[in-house]
Amino acid sequence: MSKFVFMFDEGNSEMRELLGGKGANLAEMTRIGLPVPYGFTISTEACNSYYDATKSIPTELQFQVLDALHNLEEKTGKRFGNPVNPLLVSVRSGAVFSMPGMMDTVLNLGMNDETVEGMARLTNNPRFAYDSYRRFIQMFSDVVLGIDGFYFEQFLEEIREEKGYSTDPEMTAADWQAVIKGYKDIVKKHTRKAFPQDSKEQLFLSINAVFDSWNNPRAIVYRRLQKIPGHLGTAVNIQSMVFGNMGNDSGTGVAFTRNPSSGERKLYGEYLINAQGEDVVAGIRTPQPISALKDEMPEVYEQFVETCQLLEKHYRDMQDIEFTVERGKLFILQTRNGKRTAQAAIRIAVELVEEQIINKKEAILRVDPDQLNQLLHRRIDDSYERKPLAKGLPASPGAATGQVVFDANKAELLAKEGNKVILVRPETTPDDIHGIVAAQATVTSRGGMTSHAAVVARGMGKPCICGCESLKIDLKAKQFKVGEMIVIKQGDMITIDGSTGEIMLGETPMIEPQLSDEFKLLLTWADEERKLGVRANADNPEDAKKALEFGAGGIGLCRTEHMFMDADRIPIVQDMILAETYEERKVALDKLLPMQQEDFEGIFYAMQGLPVTIRLLDPPLHEFLPDKEELLIEVTKLQITDPNSKELKEKEYLLRKVRQLEEFNPMLGHRGCRLGMIHPEIYVMQAKAIFYAIAKVTQQGIEVKPEIMIPLVGHVNELKQMRQLVMDAETQVRAETGQEQNYLIGTMIEIPRAALTADQIAQDADFFSFGTNDLTQTTFGYSRDDAEGKFLQSYIENKVLPENPFAILDQEGVGKLVETGVKLGRQTKPGLKTGICGEHGGEKGSIQFCFDVGLDYVSCSPYRVPLARLAAAQATIKSEQRQSANELQLKI
């Protein structure tokens, strides 16, 4: 028989995959002697067995739960369902990886009409007992019975208004009894059954609900965002209850051992007196900062500080801790590695090294490369004179501008249409996650720094303001008021600063981010460790300078066609395309040559001797001509209004030319090296512009390392001809300038045939650069624009594909071609330089793959260079760790 249930003292922190993160931490805290309310964990394997059994609890699991419940009764001296001395428990989810707010929790389980009376007598506090019971009914009905919490909140609000109360603590025992009766009526109305009174029935229904919540929509969305595998399942933690709502000597809170926004080494968190844990994160009451606990309960505060220090030292990382104080006694309910912003992650990692808690390699591994994008976003210009409409709690840093929306569905819809929106809600719930994902930022009028909105936004690196109580939000009218005069309606533009909590009307000027000293230091450590080079994709001197600023070791892709897109150049490019003879085309090319030369000079100057890979013209020529449909409309209008005009003849000629160049499948048509084969004069012009630029920059004492790349080669004979063409151009320029130049000629591998015949192609290539964007298109047979617009998202949602292959490299298919290309190429030339220049060069998983197959470098956009530097270092360290583990295994 499989063991599905583990008492807290049977586990430890190494059992995360079996007990989930929360269960493993509860076991570990129990093991090291912290004041943890006792309980047991149902394993993730039990969750998978539940789904294997078509969503029913296996019989052996039922028996093990009842045995564990008996152990818990023996340990606590209380009895489950006993009205004299009742045992109450919480039922919480606990996935392997933290998923805050995504799955379901039930508190105070075991309460019924009899045990509530027992609790009232035992505590001599009827108000507390009935408050706990109404909470249980509401939570159980929402999570287990599927009744929307709105009905309960609406009824409670009506009672409060009737009594003239503004907060829950004003409610008396009699008031809560009236609420309980009303709640039961709501349950009866919606389920046609009475609220269940049997405690064991409540328990097993709740276990079912937690297992079910593993696959609720918000959990699925969160897992997709965080790339958490769906097969892991969730554990269930059954824990004896302690109560923070037993009076003013009780309370509950959430705290981080360091500031999760800034990383400052200072206890950070919130608590509520006379409240249960859900009150803090639900945002119904605005909590007090943790520092205020020092004045209200000094002994508890000191004990809590010591416990936080112990936990951080034990886990060697910043901790997110949930605690409850019951009648002056501290209990630790949970600890886990805290979610943090990128800024905080970097500062914490660096300071933990300085405090000699972790080493540099561990620090590098502690920072998620994807998070670094947060630090490279804009912020509000310091010179801008701010006129805040309102101010709330700065829950997640960064600034954003967008249209106000009040509904998560509306936010998602508008964002899909290309609009930037800011989601404004009284508070968010896990059901709002798709709106938070779609929005630029989130604002709530209730809740604190550890509320749902704050935690989720920080995890996504999005700005967030919480607890902005001056906003009077009217969801029905789709507007919010600030004071009596200012009304902001849906669609109005606002700017928020998540670092200060300020909300401003309209757009504000933004400035580029600056890298912190800790960030620069961490990247320096990363550079010391990594063996994989990092270059940037840059097509102009400005991008090249930015790439250098972010630490790029060269340019891995300079797309020369982007140099043709300038408004002053398009007419010349069109003359080149429309030319009927070689002589006509040569006139246009002679005009373009000095322009291209100037571009290359600027890039060579900017890169100061670092390698620059220049790709010759790649896209089909028709892309430089006007849109056919628009031309057709213009011609039709002129045929009606001015049939004899010179303009009509010109437009008709242009339309004929566009139709001549039009292709059924441009991606596989007359582009790349095929252009150079048919119109070699185009590539000759580009090659000469490169060599003239090299000569001029070299004369000024600046070293240049050019790498000329021939695109879309599928057969070695194409590369042979294009290589000779480039070499002939260099010979001509050398004859004119008297300067001999060092350069490399290579190719972009983006056709499957090129990868499969790489041993032949390597004979005429000095380097390979894998263009994985087109290689993905040609391998899958997908047109990226069509696939992403029509079916790709459906494929991902229905698990036909695990990820978007244009965002994350398909290692099984496309990756196999890359690996084959590297192996075959180096069979011919052992020292062949290989790199990747598609967008995958800036994605951490793809970078790990590139390291594993032996590429020399990755290339990505300038703003992703820091990410790539960190990910490349992590790839090296992880490889070393795997090698050490394998060597140890061999010795064993």
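Residues numbered from 1 in each chain as written. Predicted model: local features only at pLDDT ≥ 70, side-chain atom pairs only at ≥ 80, totals over all residues. Heavy atoms only, no water.

1. Topic: the pairing of strand 17 (residues 421–425)
Every other side chain in a regular strand lies on the same face of the sheet, so the side chains alternate between the two faces. Of all 5 residues in strand 17, 5 are buried; the element is thus mostly enclosed. Both faces of strand 17 are covered, namely the face carrying V421, L423 and R425 and the face carrying I422 and V424. The pairing of strand 16 (residues 399–405) with strand 17 spans 3 bridges and is parallel. Note on strand 17: the bridge partner recorded for V404 is I422. (Buried < 20%, exposed > 50% of the residue type's maximum accessible area, 1.4 Å probe, protein only. Helix = DSSP H or I, 4+ residues; strand = E, 2+ residues; numbered from the N terminus. Pairing = 2+ DSSP bridges.)

2. A few points about the packing of helix 19 (residues 541–549) against helix 21 (residues 582–607)
At a minimum axis separation of 8 Å, helix 19 and helix 21 run at an interaxial angle of 15°. Classified by the angle their axes make, helix 19 and helix 21 are roughly parallel. For the pair helix 19 and helix 21, the sense of crossing is right-handed. Only D599, G602, I603, A606 and M607 of helix 21 make contact with helix 19, whose side of the interface consists of P541, A544, K545 and L548. (Axes fitted to C-alpha atoms, helices over the stretch in contact; angles between N-to-C directions. Parallel < 35°, antiparallel > 145°, perpendicular 65-115°, else oblique. Left-handed = near helix turned anticlockwise from the far one by under 90°. Contact = heavy atoms within 4.5 Å.)

3. A short note on the sheet that holds strand 15 (residues 393–396)
The strand order across the open sheet formed by 8 strands is 14-24-23-16-17-18-19-15, and the pairing between neighbours is mixed. Two strands bound the open sheet, and with one partner strand each, they are strand 14 (390–391) and strand 15. As judged from the 4 bridges shared by strand 17 and strand 18 (residues 441–444), these two strands associate in the parallel manner. Bridge pairing links L423 to T442 in strand 18. Packed on one face of the sheet, helix 15 (residues 408–416) meets strand 16 and strand 17 and runs near 180° to strand 17.

4. Here's the deal with the pattern of salt bridges
Here the structure, examined in full by the defined rule, presents 53 salt bridges. A salt bridge links R31 to E28; its shortest N-O distance comes to 2.6 Å. Here the residue R31 and the residue E28 both occupy positions in helix 1 (residues 16–31), the gap between them amounting to 3 residues, near one helical turn. On the basis of relative accessibility, which here comes to 53%, the residue R31 falls in the exposed class. A residue is classified by how much of its surface remains accessible, and E28, at 3% relative accessible area, is buried. Between K181 and D185 there is a salt bridge whose closest N-O contact spans 3.6 Å. Here K181 pairs with D185, and both are found in helix 7 (residues 173–191), just 4 residues apart, close to one helical turn. Note on D185: relative accessible area 44%, which makes it partly exposed. Each of R127, D131, R134, R135, E157, R160 and D168 takes part in one network of salt bridges that share partners. (Salt bridge = Lys/Arg side-chain N within 4 Å of Asp/Glu carboxyl O.)

5. Some words on the nonpolar core
Judged by nonpolar contacts, the single largest core of 135 residues is most densely connected at L522, M576, F604, I710, V726 and F768. With 11 residues, the top contributor of residues to this core is helix 25 (residues 680–699). The residues contacting F604, other than those within four sequence positions of it, are V612, I614, I690, A693, I694, V697, I702, V704 and P706. Counting 84 residues, the second largest nonpolar core, distinct from the first, contains V5, A46, I57 and V305. (Core = buried A, V, L, I, M, F, W, Y, C linked by side-chain atoms within 4.5 Å.)

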